[in-house]
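# Per-entry structural report
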Amino acid sequence: MSDGGIVRIFDTTMRDGEQAARINLNTGEKVQIARALERLNVDIIEAGFPASSKGDFDAVANVAAEVRIPIIAGLARTKEGDITSAGEALRGAARSRIHTFIATSPIHMEYKLKMKPDDVLKELERGVKLAVSITPDVEFSAEDASRSDINFLVEVFTLAIESGATTLNIPDTVGYAMPHEFEEFCRAIITRVNKPDVIWSVHCHNDLGLGVANSLAAVRGGARQVECTINGLGERAGNASMEEIVMCLRTRKDHFGADTKIDTTKFYPTSKLVSGLTGVPVQPNKAIVGINAFAHEAGIHQHGMLCNRATYEIMTPESVGAPGTDLHLGKHSGRHAFNERVETLGYQLTTEQSASAFEYFKELCDKKKDVSDGDIEAFLFDRILRLTPEIRYELRDFTVTIGSGGKPTASITLAHDGTETTEASVGNGPVDAAYKAILKILPFQPELVEFHIRATSELADALGEAHVILRYKEIKAQGRGASTDIIEATMRAYLEAVNRLYSVAAAREVAI
Ligand code: KIV
Ligand code: ZN
């Protein structure tokens, strides 16, 4: 295949995806995701929007310093401050890209930008030229392109190329396009602009559930870069899902005559990592990475599969890194078996992380006979992978009483600043009682905005895994906790969210 058949994968999980998640990832977590994307072999990682906050700036700078193979991109409006901030954040990158954008649709120009088309042209020319003076790799996006006038777009893209942009992006910002018309739209722009040396890109949102279909249609129309996210994370209904686009191109290479450089066997673990760190679950029937994506329930299907897997399987679970049968480990499993299972599940731990993970695994084996994949993943996220910047409040002790008569009561001891404080409370249930007791100890009163609890496997002795989101003033933070005791899991999750609230508040200079 000539290079014309390679579609570049531009990941925007940490920019457009995170923009939509209800909570923020911290820099260490973004670096972990960036490393996973590097292992996946994506071409470009959009690590954030540096001018939007100090947290985003730091995340882009850290990813740029630590992840060396993919191009690292930072988003910027065409404004001078945005572009210089992106340039600054990307300074340490081995290969950097400034991705600058301005809206081109009549509705955005009139109501959002309050600019005339001629002013938009002047602004983009100035912005692209400034970006090119910082780095030679500049991408220009015409926001809301799919609702823009095509003649104006041809003018816009021609000027962006003349100003030095080498990648031109045609976004379907509001997910409005239909695949057949979007294919024609992209083809017409590419043909009319007629600059064979540039790369044409698309960026499709999923408001009508067509993000992937439109991205693929654009590839047929000549696009050679697609912007997408892991698990389809993103604004509103999300962005086009990377795993779906890539597996369509791979499985139907015959149809598209194009492919990507992605190592598809890394999809499943990357999806788990993104879901675990953002707290946004993957629906079970999600194509490619859902837990049921390769499950065959109907007897007739199972019979076919036994005769020949190709009867009902157009791609194998192995090809996307799905770990297959849930193999339970127990107290006789040694370090080697444990490490191997963690690796099969797709986690790459440092020597230090794997030593602590094994230690916790052994503790867990004293409490329960079988340790499932779900248990391992839950405690990896609870104790190893999630990075709480500073532990201010720690659970030291608790007693919770429940029964059919009387109100549930909790007595909780927390450690803070070298001292221990105990408080007790009653509540409508044991979790309510425990949270009320914690609130008596805290010097501020965060609001609980989300609370979920689930079992990590179908067995009665599964770990309980809790996820909470707390809000204080305008800040939100999430916490996750896993334990054989579900009440302990809920308290761990709550306290992690409290500790994260402190660090987000410090970064945003909000007093607690
Ligand atoms: O949806 C959109 O148009 C964007 C641009 C900044 C590319 O996210
Ligand atoms: Zn977008």
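Residues numbered from 1 in each chain as written. Chains lettered and ligands numbered in written order. Predicted model: local features only at pLDDT ≥ 70, side-chain atom pairs only at ≥ 80, totals over all residues. Heavy atoms only, no water.

### A word on the sheet that holds strand 12 (residues 447-455)
Here three strands make up an open sheet; going across it, the order is 12-13-14 and the pairing antiparallel. The outermost strands of the open sheet, each flanked by one partner alone, are strand 12 and strand 14 (475-483). Within the sheet, the average angular offset between the axes of one strand and its neighbour, ignoring direction, is 15°. Direction of pairing for strand 13 (residues 464-472) relative to strand 14: antiparallel, over a ladder of nine bridges. Residue pairing across strands places His467 opposite Arg480, the latter belonging to strand 14. This element, helix 18 (residues 486-507), spans strand 12, strand 13 and strand 14 of the sheet and lies at about 150° to strand 14. (Pairing = 2+ DSSP bridges. Helix = DSSP H or I, 4+ residues; strand = E, 2+ residues; numbered from the N terminus. Axes fitted to C-alpha atoms, helices over the stretch in contact; angles between N-to-C directions. Contact = heavy atoms within 4.5 Å.)

### Thoughts on the sheet that holds strand 1 (residues 8-11)
Read once around its circumference, the closed barrel built from eight strands follows the order 1-2-3-4-5-6-7-8, with strand pairing classed as parallel. Averaged over all adjacent pairs, the angle separating strand axes in this sheet is 25°, with direction ignored. Pairing geometry for strand 1 and strand 8 (residues 225-228), over four bridges, is parallel. Paired with Asp11 across the strands is Cys228, a residue of strand 8. Seen against the sheet, helix 7 (residues 150-162) touches strand 5 (138-143), strand 6 (167-172) and strand 7 (199-204) and runs at an angle of roughly 165° to strand 5.

### What about the packing of aromatic side chains?
Following the criterion strictly, the structure yields 14 aromatic pairs and no others. Geometrically, the ring pair formed by Phe338 and Phe361 is stacked, given 4.7 Å between the ring centres and 25° between the ring planes. A residue pair is termed long-range when its members are at least 10 positions apart, and Phe338 in helix 14 (residues 335-344) and Phe361 in helix 15 (residues 351-367) qualify at 23 residues. Taken together, Phe338, Phe358, Tyr360, Phe361 and Phe379 form an aromatic cluster joined through their ring pairs. (Phe/Tyr/Trp six-rings, centres within 6.5 Å; stacked < 30°, edge-to-face > 60°.)

### Brief notes about the nonpolar core
Counting residues in hydrophobic clusters, the biggest one holds 108 residues, and the most contacted among them are Phe140, Phe157, Ile170, Trp200, Met242 and Phe379. If one sorts the elements of this core by residue count, helix 7 sits on top with eight residues. Here this core spans two domains, and each of domain 1 (8-278) and domain 2 (295-367) adds at least three residues to it. When neighbours within four sequence positions are excluded, Phe379 is seen to be in contact with Phe338, Ala357, Tyr360, Phe361, Leu364, Ile384, Leu463 and Ala482. Grouped together as the second largest cluster of nonpolar side chains are 33 residues, Leu414, Ala434, Ile438 and Ala505 included. (Core = buried A, V, L, I, M, F, W, Y, C linked by side-chain atoms within 4.5 Å. Buried < 20%, exposed > 50% of the residue type's maximum accessible area, 1.4 Å probe, protein only. Domains from an automatic or database assignment.)

### Describing the domain arrangement of the protein
Segmentation of the protein into domains returns domain 1 (8-278), domain 2 (295-367) and domain 3 (394-508). Taken together, the nine residues of domain 1 in the interface contact 12 residues of domain 2. Approximately 880 Å² of surface area, both sides summed, lies buried where domain 1 meets domain 2, with 64% of it carried by carbon and sulfur atoms. Where domain 1 touches domain 2, the interface holds zero salt bridges. (Buried area = accessible area lost by both parts, 1.4 Å probe. Salt bridge = Lys/Arg side-chain N within 4 Å of Asp/Glu carboxyl O.)

### Quick word on the pairing of strand 4 (residues 96-103)
Burial runs high along strand 4: eight of the eight residues are buried. On strand 4, burial covers both faces: Ser96, Ile98, Thr100 and Ile102 on one face and Arg97, His99, Phe101 and Ala103 on the other are all buried. Pairing analysis gives six bridges linking strand 3 (residues 71-77) to strand 4, with the strands arranged parallel. Pairing of Ile72 across the sheet is with Ser96, part of strand 4. For the crossover that starts at strand 3, traverses helix 4 (residues 80-89) and ends in the parallel strand 4, the hand is right-handed. The pairing of strand 4 with strand 5 spans six bridges and is parallel. By the bridge assignment, Ile102 is partnered in strand 5 with Ala142. (Right-handed = clockwise from strand over helix to strand, strands pointing away.)

### Description of the coordination of the zinc ion (ligand 2)
Those donors, Asp16 (OD), His203 (NE2) and His205 (NE2), are the protein atoms that reach the zinc ion (ligand 2), and they lie 2.0 to 2.1 Å from it. On the primary sequence, the residues serving as donors to the zinc ion (ligand 2) are separated as D-x186-H-x1-H. (Donors = N, O, S within 2.8 Å, 3.2 Å for Na, K, Ca; no water.)

### Details of the site of ligand 1
Every residue close to ligand 1 is listed here: Arg15, Asp16, His99, Phe101, Ser141, Glu143, Asn169, Pro171, Thr173, His203 and His205. The side chain of Thr173 places a nitrogen or oxygen atom 2.6 Å from an oxygen atom of ligand 1. In the model, an oxygen atom of ligand 1 is placed 3.0 Å from a nitrogen or oxygen of the His205 side chain. Protein chains bury 95% of the 260 Å² of accessible surface belonging to ligand 1 in isolation. In terms of residue class, the shell around ligand 1 is made up of two nonpolar, six polar and three charged. (Near = heavy atom within 4 Å. Polar contact = N/O pair within 3.5 Å; in protein donor to acceptor, adjacent residues only side chain to side chain. Areas by Shrake-Rupley, 256 points an atom, 1.4 Å probe, with all protein chains shown as cover. Nonpolar A, V, L, I, M, F, W, Y, C, P; charged D, E, K, R; others polar.)

### Quick notes on the packing of helix 17 (residues 430-441) against helix 18
Their axes nearest at 10 Å, the elements helix 17 and helix 18 cross at an angle of 35°. Taken as a pair, helix 17 and helix 18 cross one another with a handedness that is right-handed. Across the interface between the two elements, Pro430, Val431, Ala434, Tyr435, Ile438 and Leu439 of helix 17 pack against Ile487, Thr490, Met491, Tyr494 and Leu495 of helix 18. Classifying every residue of the contact of helix 17 with helix 18 gives 10 nonpolar, one polar and no charged. (Left-handed = near helix turned anticlockwise from the far one by under 90°.)

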